[in-house]
Structure formats: C-alpha cells, structure tokens
Protein chains: 2
Amino acid sequence: MAMYVVGHKIPDSDSICGAIALAYLKNQIGEEAIPTRLGEVSPETQFILDRFGFEAPELKMSYAGEDVYIVDHTEKTQAPDDIDKATVVGVVDHHKLGDLTTSTPLECWIRPVGCSNTIIKMMYDFYDVEIPANIAGIMMCAILSDTVIFKSPTCTTADIKCVEALAKIAGVDDAKELGMEMFKVKSAVEGTPIRDLVMRDFKDFNMNGNLVGIGQLEVVDLAVFDKIKDELHADIAKLKEEGNRHSVMLLLTDIMKEGSQMLIASDDEAIIAKAYDVEPEASKVWLDGVLSRKKQVVPPLQDAFAG
Amino acid sequence: MAMYVVGHKIPDSDSICGAIALAYLKNQIGEEAIPTRLGEVSPETQFILDRFGFEAPELKMSYAGEDVYIVDHTEKTQAPDDIDKATVVGVVDHHKLGDLTTSTPLECWIRPVGCSNTIIKMMYDFYDVEIPANIAGIMMCAILSDTVIFKSPTCTTADIKCVEALAKIAGVDDAKELGMEMFKVKSAVEGTPIRDLVMRDFKDFNMNGNLVGIGQLEVVDLAVFDKIKDELHADIAKLKEEGNRHSVMLLLTDIMKEGSQMLIASDDEAIIAKAYDVEPEASKVWLDGVLSRKKQVVPPLQDAFAG
C-alpha cells in the first residue's frame, strides 16, 4: 500500500517541498509514496515549484484507512481532520512535540533545526540516496524560507551547511540572492483579498485547552501594509468571531528590519501582554527582533497559558 | 546545564541500559549528561549491570526546572510526575507516539524497531563515536531482553544486526546464550512478594481517557507460576480496587512456548474479549503467539477503546 506524504494545513514551502522530497526518497528505498497537500499553494511556493519545474502535489483532504507520513508538525489542529482513522507511519518535523498520538510504533525524525527539509537531507544521507538537482533546489528554497535567509533565530549551522550542499547539487550560484527573489514574491500583497492574506501562513495551536490562531506575513518592507493594516486587523477580529478561538494574532514581519508588528484580537489581551512582557496599544505591538513564530512567539504564549 | 537521561517508571533493562549508553554518548559529543532512573532495578537488569561492571544510575524522581532526555516512551503516565515543569530536550523511543508534549523544539529519534538501544546504536554511528566494550555489552543485553532473544514480533533485522555488531565490540562469543542466562534470572520468581511480581514490568496507558495498567512477566517455563497464579490474579484485582484504573492485566509469557496467559481484572471484560477476539474463562485467557505487549497487546486494546 502506498503511503501519502503530507505537510500541514495551509501548507508553506517546507510542507510542499518536503512532501515532494521525502516521497521521492521513500520511493528510492522501495517504499511507495505519493506527495499530497492539505490546501492551496502560496505564491512563494508556486515560485519555487515553477523555478525548478515541479507541479504542485495532489490536493487530498481525507486519509481514513491510509498510511500517512506527516511533514513539518505533530499537531492535530494542523493534521488532516480524519488523521485518527489513518495510520501515521512516520513524522519529520522541527517544532515542539504536539498532541498527535498513534496506536502503533512509527518513525520520527524530529530535530531542533530551522526547517524540515534540513532533516530530510539527513534522511537522504542516512539512506545514501542521491538527491536530483531539481529536488535539491526546492529543498534549498524551503530552508531559505523557513530560516528567513538564515536571519531567523531558529536557523542552525546545520541549516546553513545544508543550503550550501543543496545549492551545489542544484547548480545555484547564489542561494541568498534566490532567497531574496523569493521573499520579494512573498512581499507582493497588493491586490490579494484580505482574508487570503490573513490565512496565507496561519497555524492553530491548542494552548492548555484554548484554541489560538497565529498568522504570519513576512515581507521585505512593512510599508506594503500601510494601506491595508486596518483591514487586516478588522479581519482577524472577524475571524475570531466566526470561530471558537480564544485569540487570533497576525504577525507582520519585516525581514530586513528584523522585527514583527503583532496585530491582536483576543478575549484576554492581558495574557498576551504577560507572554511578551509588553503593553499593546490599540491591540497592536512591535516585537523587536522577533522573526520566528515557532521559537519566539509560540513558546512564551504557551507558557503564559500554562499558568 | 547538564541534562538528565531517564527511561520510564518501573524501569526495564532498555530504560536503564539506554540511559547509561545515551548519557555516555552525549558526554562524548560535548553535551553534559547524567543517567538517572525512575524506580527500582529489576533482577534481570541487575544481572546485566553486574555482568558488565556498572552501578545502577542514581534514583531521581523529580525533574522540575531541569533538562531531560527521555528514553523508551512518550507517555505522560510513564514519565516523571513533574515532567511538565522540565524541558524535554530529546526522546529516543520505539513505541507508538504517546501524549507527551513540549513547549519547545526538541530531537526525537523514534524508530519502529525492537529496542531503544538499537536506535542509540544508530546515534553512536551518526555521531561517529566509538562504543566502549562494557557499554556495548549492556546495550546488547537490553536488545536481547526487549526482543525476547529475537523471538518477539517486534524484532527487526536492524535489532539482530545491532546485537551482532555489539557482541563483537563487547567480546561476547554467544549472545543468545547470554540472553538465555538472562531470561533464567528473570524466571526466578519464587520467594518474591506477589505485588513486586505484578509491578516488576508494569506500564500504564491512557486509552481514550481510561487508565489501563498492563504488567508482563516473561519466563522460560510457565510452571513457575503454578503455585502463585491465583495469588497474582487476586492481587491485580486488588491493585485495580486501590486505584482508578479501568482494567489491570497481567501477561504471563512463556518465551519457549511463545505465547502468553493473560490474567484480567476489568470493569468491562467485554472490551478485552472484543480486542483479542477471545472469550476469557474465569477472567483468564491463553493468547497463542503473543509475546509483545507493545505490538500484540496494546494496539488492539487501544483500537477497542477508540470504538
């Protein structure tokens, strides 16, 4: 039975490129695997796929009765809705350990590095499988995206070395330059519906029983948000009203200035003030040096919710 | 800050030998590590430690504020009581993914093999660290124990190859013979208090919100239980009365005949009948070919509880 290799809901480049790269590896070692995705491809990811000549993996939402290899998370909120009816045969991830459980033994390749594709490169090395140039290209771009071209505090020397090695295989002379090109595509927000922007890179977390949604938009200049910031703020408040979330936050991240403005819609703004030791004004706050949702935004909030 | 490397409550040989072997590896790669344990050392483990000249790791129950590397499980019920106040920096395990969660990224070396020590051997190879002869010896014995000298359905070719490699390093000519010696020590149950036998290799599981305790005694001949089986059965019923468990089961495993008699104390024997498709008589049942709690006993019960 073929396994499906799939990243999280609202897939980012790590989820899409990781699914393609890992499925290829699994097929090479004799385990039939099909890459799939749990949502639309972002403009950044589409740029990467086009650049290296790939089609997007098949959109597939239901996995009941199937074998599934999970990429880039261990959170039920980010997994297929019917994941409890699937058999999770493996996980490759670089986040905190979430609430996904299984009823049978599995393999987990989880490391505290900047990107799942850095770990997938380790898996290629472990199995001694050669990485095709175009797969090396998409893996490299996923790492440049997740590490914000090495600027994120999540970036490790393993990620940097991995990009260097993959660039060589892919025949890319200047990886950072390609990374900047990618982030410029990501920064083109004009003309996109507001809700699409809010949901473009949005993740739900279960924080001590409270559902918390955190979106992030990474751009090369925050000025692109000047005209639409109020609309974005109004829309996360609306999103909160529509669902059962305790809080919805949107991070507007300036990768050149290296910081994030956080827009907040919350039942309890005090817990956010406590988590980051700041006082929001008009439900907004500038978080200097904050680039990483995973390392700088989620853990303090998780701790604040835990008491 | 030194990390503590610790296995599960009611430690088996994999937990104790794995903590020692992994702490040694971590120290070799420049990460200070101290092996500890969450309970008494079993006669089998003591035999292994004596055979290769080790003291038991320090008994330490509380880990608040400490860095912890978990060996051989991802279950809160098997972890230190204050694990939520510790930082879990890593996990090495070969079971299903349990309900342990973290608030920060970590490393997980989880593989569907027969023993955590087989994975720890992979870690030595990954970091290219030489295994001392006496550490190879205890790792080898842990694998022989967990795989019931390769007879368990959990045993993989990776485990067998690993034992062969470790035996060479340890200077052990006949690994299987040493394994049999070890199981004979394990089979010496006479003179041991009944409750000690029930708890010797006992694990609690959270099954869809129900606490289920499953003990296992592996012996070379079930005749050793002839005189005490009724007492064992009465004691698991008593254990259930004392706590809040839905069910307590004790597996009396004959490693030569390759099967287990299951003694049952349950609020709902029908769910056990359903899980294993058998009809218990007098709350007892023979499960032919069943050697592995992890692979043959827990998953069907987990599925039965899930509905």
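Residues numbered from 1 in each chain as written. Chains lettered and ligands numbered in written order. Predicted model: local features only at pLDDT ≥ 70, side-chain atom pairs only at ≥ 80, totals over all residues. Heavy atoms only, no water.

(A) Quick peek at the overall build of chain A. The secondary structure content of chain A amounts to 10 helices and 11 strands. The C-alpha radius of gyration computed for chain A amounts to 19 Å, which stays within 12% of the reference 19 Å derived for 307 residues, consistent with globular compactness. With the C-alpha coordinates of chain A rotated into their principal frame, the extents come out at 55 × 45 × 35 Å. Residues counted as buried form 60% of the 307 residues belonging to chain A. A separation of at least 24 residues holds for 63% of the contacts in chain A among residues at least 6 apart in sequence. Charge separation in chain A, taken as the distance between the mean sites of 30 positive and 51 negative side-chain charges, equals 1 Å. (Helix = DSSP H or I, 4+ residues; strand = E, 2+ residues; numbered from the N terminus. Rg over C-alpha atoms; globule rule 2.2 N^0.38 Å. Buried < 20%, exposed > 50% of the residue type's maximum accessible area, 1.4 Å probe, protein only. Contact = heavy atoms within 4.5 Å. Lys, Arg positive; Asp, Glu negative; His and termini not counted. Charge placed at Lys NZ, Arg CZ, Asp CG, Glu CD.)

(B) Quick peek at the pattern of salt bridges. Residues and elements named next belong to chain A. This model, assessed by the stated rule, comprises 32 salt bridges over all chains. Between lysine 26 and glutamate 107 there is a salt bridge, with the nearest N and O atoms lying 3.4 Å from each other. Highlighted residues: lysine 26 in helix α1 (residues 13–28) and glutamate 107 in strand β6 (residues 107–110), separated in sequence by 81 residues. Each member of the pair, lysine 26 as well as glutamate 107, carries the same accessibility label: buried. One network of salt bridges, with partners in common, ties together Arg195, Asp235, Lys238 and Glu242. (Salt bridge = Lys/Arg side-chain N within 4 Å of Asp/Glu carboxyl O.)

(C) Representation of the domain arrangement of chain A within the structure. Residues and elements named next belong to chain A. As far as domains go, chain A holds domain 1 (3–184) and domain 2 (194–306). With 20 residues of domain 1 at the interface, the matching set in domain 2 holds 21 residues. Taking both sides of the interface into account, the surface hidden between domain 1 and domain 2 amounts to around 1900 Å²; carbon and sulfur atoms contribute 62%. At the junction of domain 1 with domain 2, the criterion picks out one salt bridge. Here glutamate 258 and lysine 151 are joined by a salt bridge, their closest N and O atoms 3.8 Å apart. Run the count over domain 1 and domain 2 and you get five residue pairs in polar contact (both at pLDDT 80 or more). (Domains from an automatic or database assignment. Buried area = accessible area lost by both parts, 1.4 Å probe. Polar contact = N/O pair within 3.5 Å; in protein donor to acceptor, adjacent residues only side chain to side chain.)

(D) Representation of the UniProt feature "domain: DHHA2" (unreviewed entry) in chain A. If you check UniProt for "domain: DHHA2" (unreviewed entry), the listed places come out as residues 179–305 of chain A in our numbering. Helix makes up 39% of residues 179–305 of chain A and strand 29%. Its end C-alpha atoms lie 35 Å apart. (UniProt positions renumbered as here; feature names shortened; annotations may be inferred.)

(E) Region of interest: the sheet that holds strand β8 (residues 210–219) of chain A. Residue and element names in this part refer to chain A. The strand order β7-β8-β9-β10-β11 describes an open sheet built from five strands, whose pairing is mixed. Strands at the two margins of the open sheet, each flanked by one partner only, are β7 (202–207) and β11 (284–288). For this sheet, the mean inter-axis angle between neighbouring strands, taken without regard to orientation, is 25°. Note that β7 and β8 share six bridges and pair antiparallel. Among the inter-strand pairings, methionine 207 is bridged to a residue of β8, identified as asparagine 210. (Pairing = 2+ DSSP bridges. Axes fitted to C-alpha atoms, helices over the stretch in contact; angles between N-to-C directions.)

(F) Representation of the packing of helix α9 (residues 269–276) of chain A against helix α10 (residues 293–306) of chain A in the model. Residues and elements named next belong to chain A. α10 packs onto α9 with a crossing angle of 120° between their chain directions and a minimal axis gap of 8 Å. It follows that α9 is oblique to α10 by the angle criterion. In this structure, α9 crosses over α10, and the sense of that crossing is right-handed. Between α9, through Ile271, Ile272, Lys274, Ala275 and Tyr276, and α10, the contact on the second element is made entirely by Gln296, Val297, Pro300, Leu301, Ala304 and Phe305. (Parallel < 35°, antiparallel > 145°, perpendicular 65-115°, else oblique. Left-handed = near helix turned anticlockwise from the far one by under 90°.)

(G) Representation of the sheet that holds strand β8 (residues 210–219) of chain B in the model. All names here are of chain B. Pairing is mixed in the open sheet, where five strands are placed in the order β7-β8-β9-β10-β11. Strands at the two margins of the open sheet, each flanked by one partner only, are β7 (202–207) and β11 (284–288). Strand-to-strand twist of the sheet, defined as the mean angle between neighbouring strand axes without regard to direction, takes the value 25°. Pairing of strand β10 (residues 259–266) with β11 involves five bridges; the strand directions are antiparallel. Its bridge partner being in β11, glycine 259 is matched across the sheet by aspartate 288. Sitting on the sheet, helix α8 (residues 229–242) touches β7, β9 (247–254), β10 and β11, and the angle it makes with β10 is about 40°.

(H) Here's a closer look at the interface of chain B and chain A. Listed by partner, the interface residues are 23 residues for chain B and 23 residues for chain A. The interface formed by chain B and chain A holds zero salt bridges in total. If you look at where chain B meets chain A, you find six residue pairs in polar contact (both at pLDDT 80 or more). For the side of chain B that touches chain A, the residue count by class is nine nonpolar, eight polar and six charged. The sheet contact formed by β6 of chain A and strand β6 (residues 107–110) of chain B spans three bridges and is antiparallel. From the neighbouring strand, cysteine 108 of chain A faces β6 of chain B, where its bridge partner is isoleucine 110 of chain B. (Nonpolar A, V, L, I, M, F, W, Y, C, P; charged D, E, K, R; others polar.)

(I) Quick peek at the relation of the copies chain B and chain A. Taken as rigid bodies, chain B and chain A are interconverted by a rotation of 180° and an axial shift of 0.0 Å, the fit giving an RMSD of 0.0 Å. As the rotation angle and translation indicate, the two copies are arranged about a two-fold axis. Here 100% of the interface residues in chain B have copies in chain A that are interface residues too; the copies meet face to matching face. (Least-squares fit on C-alpha atoms with pLDDT ≥ 70 in both.)

(J) Structural view of empty space enclosed by the protein. Within the structure shown, the criterion is met by three cavities of 30 Å³ or more. Its boundaries defined by the atoms lining it, the largest cavity holds a volume of some 550 Å³. As for the largest cavity, its lining consists of 39 residues, of which Asp12, Asp146, Asp201, Gln216 and Arg293 of chain B are closest to the centre. Here the lining of the largest cavity is built from residues that sort into 10 nonpolar, 15 polar and 14 charged. Built from parts of two domains, the lining of the largest cavity gets at least three residues from each of domain 1 (3–184) and domain 2 (194–306) of chain B. Of the volumes computed, that of the second largest cavity is approximately 450 Å³. Considering the residues around the second largest cavity, the lining is formed by 36 residues, among which Asp12, Asp146, Asp201, Lys203 and Arg293 of chain A are closest to the centre. Among the elements of the structure, α2 (43–52), α4 (133–146), β7, β8 and α10 of chain A are those that each provide at least two residues to the lining of the second largest cavity. A per-class count over the lining of the second largest cavity returns eight nonpolar, 15 polar and 13 charged. Here the lining of the second largest cavity spans two domains, since at least three of its residues come from each of domain 1 (3–184) and domain 2 (194–306) of chain A. (1 Å grid on protein atoms, 1.4 Å probe; cavity = no way out; pocket = protein on both sides within 12 Å on 5 of 7 lines; lining within 4 Å. Points joined across faces, edges and corners; volume = space filled by probe spheres on them.)

(K) Representation of the side chain of serine 266 of chain B in the model. Residue and element names in this part refer to chain B. With respect to the secondary-structure elements, serine 266 resides in strand β10. Side-chain polar atoms of serine 266 contact the side chain of serine 247, separated by 2.8 Å. A polar contact of 2.9 Å, which involves the side chain of serine 266, links it to the backbone nitrogen of aspartate 268. When residues no more than four places from it in sequence are discounted, the contact partners of serine 266 are Lys240, His246, Ser247 and Ile272.

(L) Up close: the pairing of strand β9 (residues 247–254) of chain A. All names here are of chain A. Of all the eight residues making up β9, eight are buried; the element is thus mostly covered by neighbouring parts of the structure. The side-chain alternation of β9 yields two buried faces, one formed by Ser247, Met249, Leu251 and Thr253 and the other by Val248, Leu250, Leu252 and Asp254. Bridge analysis of β8 against β9 gives eight bridges, and the strand direction is parallel. Looking at β9, one finds that glycine 215 is bridged to leucine 250. With respect to chirality, the unit in which β8 leads through helix α8 (residues 229–242) into the neighbouring parallel β9 is right-handed. Relative to strand β10 (residues 259–266), β9 is paired through eight bridges, and the arrangement is antiparallel. What sits directly across from threonine 253, in β10, is serine 260. In sequence, β9 turns back onto β10 through a hairpin of four residues, with glutamate 258 there showing a positive phi of about 60°. (Right-handed = clockwise from strand over helix to strand, strands pointing away.)

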